[in-house]
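Each chain, written out:
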Amino acid sequence: MRALILSDIHANLEALEAVFADAQVRGGFDVIWCLGDTVGYGPDPGACIDRIREFELVAVVGNHDCAAVGLIDASDFNDAALSAAKWTASQLDAGQRDFLTSLPMVFVQEPFTLVHGSLRDPIVEYLLDRNSAMGTLALLETRYCLVGHSHIPFLCRDAQGEPEFTDFPEDEKIELGDARWIINPGGVGQPRDRDPRPSYAICDTSHAMIERHRVTYDIAKTQEKMRAADLPAHLIDRLDHGI
Ligand code: ZN
């Protein structure tokens, strides 16, 4: 089975469509595994939810999804994120809200575990360093863990109890094998690794082979919609820089 692994779509429909088009060219996919934050920041929250639901879909909830439906108090968000969260909440219909509300925080599909942040704190903790990786590896009951939230792509191998972070190279097939891994495919709708191109992964689950790709999209079109929706300028500008 080929799983299209998407994280942090953040209501960016142009980025999402570019990923779909690229994934189709590369052999397509059977299912979407969505690692959360489908909404928040971007101008098309409802459309992004509807679009991923057109496919076979497994999804977990992210902090911005929770904020959009009142499952968490967004008052600790920064000002831009908070105003985007309020705007997002006003854009969703009842079906879209029900969908976000129904999402689990952790989903296990052997040998993969899907979570937005970390297993220690599924929607809050950023898994980016030794300590957070150790925390998740200690709780991980499957071989592989897929995370999002930081919008930073990486591979992290459990080297006999010691997490070993490496870059997740582009356009290269990685054989996961028997090792335990934590993997972040990078962000679709608001990349933050100083590269504005949406990042995603495809996993051939029968061979435990994973590959990551990046695509280009019409950033100006998304930004235009954000301006029309009066979303914060900072959120509009950052899409140009991948920050
Ligand atoms: Zn996010």
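Residues numbered from 1 in each chain as written. Predicted model: local features only at pLDDT ≥ 70, side-chain atom pairs only at ≥ 80, totals over all residues. Heavy atoms only, no water.

With that settled, the discussion passes to the packing of helix α2 (residues 45-52) against helix α5 (residues 94-102). Between α2 and α5, the least distance of the axes is 10 Å, while the angle of their chain directions is 65°. Relative to α5, the element α2 lies roughly perpendicular. You can see that α2 and α5 cross each other, and the crossing is left-handed. Contacts between α2 and α5 involve G46, I49 and D50 on the former and, on the latter, Q96, F99 and L100. (Axes fitted to C-alpha atoms, helices over the stretch in contact; angles between N-to-C directions. Helix = DSSP H or I, 4+ residues; strand = E, 2+ residues; numbered from the N terminus. Parallel < 35°, antiparallel > 145°, perpendicular 65-115°, else oblique. Left-handed = near helix turned anticlockwise from the far one by under 90°. Contact = heavy atoms within 4.5 Å.)

With respect to the helices and strands, the residue S199 is situated in strand β11 (residues 199-204). The class for S199 is buried, based on a relative accessible area of 1%. (Buried < 20%, exposed > 50% of the residue type's maximum accessible area, 1.4 Å probe, protein only.)

A separate point is the sheet that holds strand β6 (residues 144-146). One open sheet accounts for 6 strands, arranged β4-β5-β6-β10-β7-β8; its pairing is mixed. If you trace the sheet from one side to the other, it starts and ends with β4 (106-109) and β8 (162-166), each paired once. Taking each pair of neighbouring strands and ignoring which way they run, the sheet shows an average axis angle of 20°. Against the sheet, helix α6 (residues 130-139) touches β6, β7 (154-159), β8 and β10 (181-184), its axis set at about 120° to β8. (Pairing = 2+ DSSP bridges.)

Time to look at the coordination of the zinc ion. Protein-derived coordination of the zinc ion comes from D8 (OD), H10 (NE2), D37 (OD) and H151 (NE2), at a distance range of 2.1 to 2.4 Å. Donor residues binding the zinc ion come from one chain and are separated in sequence as D-x1-H-x26-D-x113-H. Remark: H151 occurs in the loop between β6 and β7 and D8 occurs in the loop between β1 (2-6) and α1 (13-25); sequence separation between them is 143 residues. (Donors = N, O, S within 2.8 Å, 3.2 Å for Na, K, Ca; no water.)

A full pass over the atoms with the stated rule returns 6 aromatic pairs. Pairing F20 with F55 gives two aromatic rings, centres 4.8 Å apart and planes at 40°, and the pair type is tilted. Separated by 35 residues along the polypeptide, F20 in helix α1 and F55 in the loop between α2 and β3 (57-59) bring together distant segments of the chain. Accessibility expressed as a relative area gives 4% for F20, which makes it buried. With a centroid separation of 5.0 Å and an interplanar angle of 65°, the aromatic rings of W33 and F112 are classed as edge-to-face. Placement of the pair is W33 in strand β2 (residues 31-34) and F112 in strand β5 (residues 112-115), with a sequence separation of 79 residues. Grouping residues by exposure puts W33 and F112 together as buried. An aromatic cluster of three or more residues is present, and its members are F20, F29 and F55. One cation-aromatic arrangement involves R212 over F168; the distance from NZ or CZ to the ring centre is 5.7 Å. Above the face of the Y41 ring, R238 is positioned so that its terminal group lies 5.8 Å from the ring centre. (Phe/Tyr/Trp six-rings, centres within 6.5 Å; stacked < 30°, edge-to-face > 60°. Lys NZ or Arg CZ within 6 Å of the ring centre and 35° of its normal.)

In summary, soluble globular proteins display a tendency toward joint burial of nonpolar side chains. Membership of the largest hydrophobic core comes to 48 residues, with the highest contact counts inside it found for L4, L6 and L100. Top element by residues in this core is α1. It accounts for 7 residues. Leave out the neighbours within four places in its chain, and L4 touches V19, F20, A23, F29, V31, I32, W33, Y200, A201 and I202. (Core = buried A, V, L, I, M, F, W, Y, C linked by side-chain atoms within 4.5 Å.)

This next bit is on unusual backbone geometry. The omega torsion of the bond from E110 to P111 falls at 0°, within 30 degrees of zero and hence cis. Note that P111 resides in the loop between β4 and β5. With a phi close to 55°, D8 is a non-glycine residue in the positive phi region. One non-glycine residue, Y41, lies in the positive phi region at around 80°. Among the structural elements, Y41 can be located in the loop between β2 and α2. What makes Y41 buried here is its relative accessible area of 8%.

What follows covers the pattern of salt bridges. This model, assessed by the stated rule, comprises 16 salt bridges. The structure contains a network of salt bridges with shared partners spanning E170, D193, D195, R197 and R214. (Salt bridge = Lys/Arg side-chain N within 4 Å of Asp/Glu carboxyl O.)

Quick look at the sheet that holds strand β12 (residues 209-214) now. Read across the sheet, 6 strands follow the order β3-β2-β1-β11-β12-β9 without closing on themselves; strand pairing throughout is mixed. Each having just a single partner strand, β3 and β9 (174-175) make up the two edges of the open sheet.

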